[in-house]
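For reference, the chains in residue letters:
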Amino acid sequence: MSVIDFDKQCFDKLYQKYADIVFRTAYHFLLNKDDAEDIVQEVFIKYFISDKKFNDDNHEKAWILKVTANLCKNVLRSKSRQNLQLDDTIQVIDNNFENTRVEHMDLKNTIYKLTANQRLAVYLFYYEQIPIKNIAKIMRCNENTVKSHLSRAKSKIKTHLEKEQYYEL
């Protein structure tokens, strides 16, 4: 669909379908609500100015997530935010975490301390249940690289939980 063929009803349907996953993906990648909201806008602008034809919904979703990941990487590069540090006043925007106990907040903070690529791989694999093969395409890397990101992330999380005595061997 191109800008010339813009259809508000089509846009609303597409936005309802993908805005939440784009926002969550961008937020987990960037750890910044404002940047994530900007990414949502940019993804839909790119969608509507492209003339991309999709085979099915999975192809469309993969393209949208790939664009989301690429835009997030651009933001990280442009702001030199490779080593993000969270402060104690992180705003909880994910309804799944609103009324959780301290242990869950510690786990969330541990996940946020992972590298951006590890966070993205964890989010796409565990939260969105996207297969490793598709994650590799989205992240533009080898499947083994995705597996390494997941393995390293699990190791870091396990180490933290053992240190905090939440995880028993």
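Every value quoted in this text rests on a predicted model; they were computed, and no experiment measured them.

### Looking at the packing of aromatic side chains
Each aromatic ring pair is specified by the distance between its two centres and by the angle formed by the two planes. The final tally for this structure, using the stated rule, is eleven aromatic pairs. Centre to centre, the rings of Phe11 and Phe44 are 6.1 Å apart; their planes meet at 75°, and the pair counts as edge-to-face. With Phe11 in helix H1 (residues 8–30) and Phe44 in helix H2 (residues 33–49), this residue pair connects regions lying 33 residues apart in the sequence. Taking relative accessible area as the criterion, Phe44 reaches 4% and is therefore assigned buried. Summarising the aromatic geometry, the rings of Phe11 and Phe48 are spaced 5.3 Å apart at their centres and angled 50° between planes, so their arrangement reads as tilted. Of this pair, Phe11 sits in helix H1 while Phe48 sits in helix H2, and the two are 37 residues apart along the sequence. Note on Phe11: relative accessible area 23%, which makes it partly exposed. The class for Phe48 is buried, based on a relative accessible area of 5%. An aromatic cluster of at least three residues, connected via ring pairs, comprises Phe11, Tyr15, Phe44, Tyr47, Phe48, Phe54 and Trp63.

### Considerations on the pattern of salt bridges
Tallied over the entire structure, the rule returns six salt bridges. By sharing partners, the salt bridges in this structure join Lys17, Asp57 and Glu60 into a single network.

### Focus on the packing of helix H6 (residues 132–139) against helix H7 (residues 143–163)
For any two helices packed against each other, the geometry is given by the interaxial angle and the distance between the axes. Relative orientation of the contacting elements H6 and H7 amounts to 100°, with a least axis distance of 8 Å. Judged on the interaxial angle alone, H7 and H6 are roughly perpendicular. Here H6 contributes Ile132, Lys133, Ile135, Ala136 and Met139 to the contact with H7, which in turn contributes Glu143, Val146, Lys147, His149 and Leu150.

### Regarding the confidence of the model for the protein
Of the residues in the protein, 76% have a pLDDT of 70 or more, and the chain-wide mean is 79. Ranking the helices and strands of the protein by mean pLDDT puts H2 first, with 93, and helix H4 (residues 102–112) last, with 66. Note that residues 81–102 has pLDDT below 50 and, in this model, 30 contacts with residues that lie over four places away or in other chains.

### Brief notes about the side chain of Thr68
Topologically, Thr68 is positioned in helix H3 (residues 57–79). Take Thr68: its relative accessible area is 0%, and that puts it in the buried class. Look past the residues within four positions of Thr68 in its chain and what remains in contact with it is Val22, Thr25, Ala26, Ile39 and Val43.

### Remarks on the environment of His28
Looking at the secondary structure, you find His28 in helix H1. For the pair His28 and Ile111, spaced 83 residues apart in the sequence, the C-alpha separation amounts to 9.1 Å.

### Overview of the nonpolar core
Val22, Ile39, Ile64, Leu124 and Val146 are the most contacted members of the largest nonpolar core, which totals 47 residues. Residue contributions to this core peak at ten residues, all from H1. Contact partners of Val146, with chain neighbours within four places excluded, come to Ala121, Ile132, Ile135, Ala136, Met139 and Cys141.

Here is what the cut-offs are and how they apply
- Residue numbers restart at each chain and count upward from 1, following the sequence in its written direction.
- Where totals are concerned, whole chains, interfaces and linings use all residues; where local detail is concerned, this predicted model gives features only for residues with pLDDT of at least 70, and gives and counts side-chain atom pairs only at 80 or more.
- Only hydrogens and water are set aside when side-chain values are computed; all heavy atoms of the structure are taken into account.
- Think of it this way: a Phe, Tyr or Trp ring, Trp meaning its six-membered ring, pairs with another when their centres are within 6.5 Å, and the plane angle makes it stacked under 30 degrees, edge-to-face over 60, tilted otherwise.
- Working definition: helices are DSSP H or I runs of at least four residues, strands are E runs of at least two. Numbering for both runs from the N terminus.
- Think of it in three bands: with a 1.4 Å probe and only protein chains considered, a residue is buried below 20% of the maximum accessible area for its type, exposed above 50%, and partly exposed in between.
- Criterion for a salt bridge: a side-chain nitrogen of Lys or Arg within 4 Å of a carboxyl oxygen of Asp or Glu.
- To obtain an axis, a line is fitted to C-alpha atoms, over the contacting stretch when the element is a helix, and the angle between two such axes runs from 0 to 180 degrees between their N-to-C directions.
- Oblique is the label for any angle not covered by the other classes, which are roughly parallel (under 35 degrees), roughly antiparallel (over 145) and roughly perpendicular (65 to 115).
- Contacts are assigned to residue pairs with any non-hydrogen atoms lying within 4.5 Å of each other.
- Scored from 0 to 100, pLDDT reflects the predictor's confidence in each residue.
- Put simply, buried Ala, Val, Leu, Ile, Met, Phe, Trp, Tyr and Cys residues joined by side-chain atoms within 4.5 Å make one nonpolar core.

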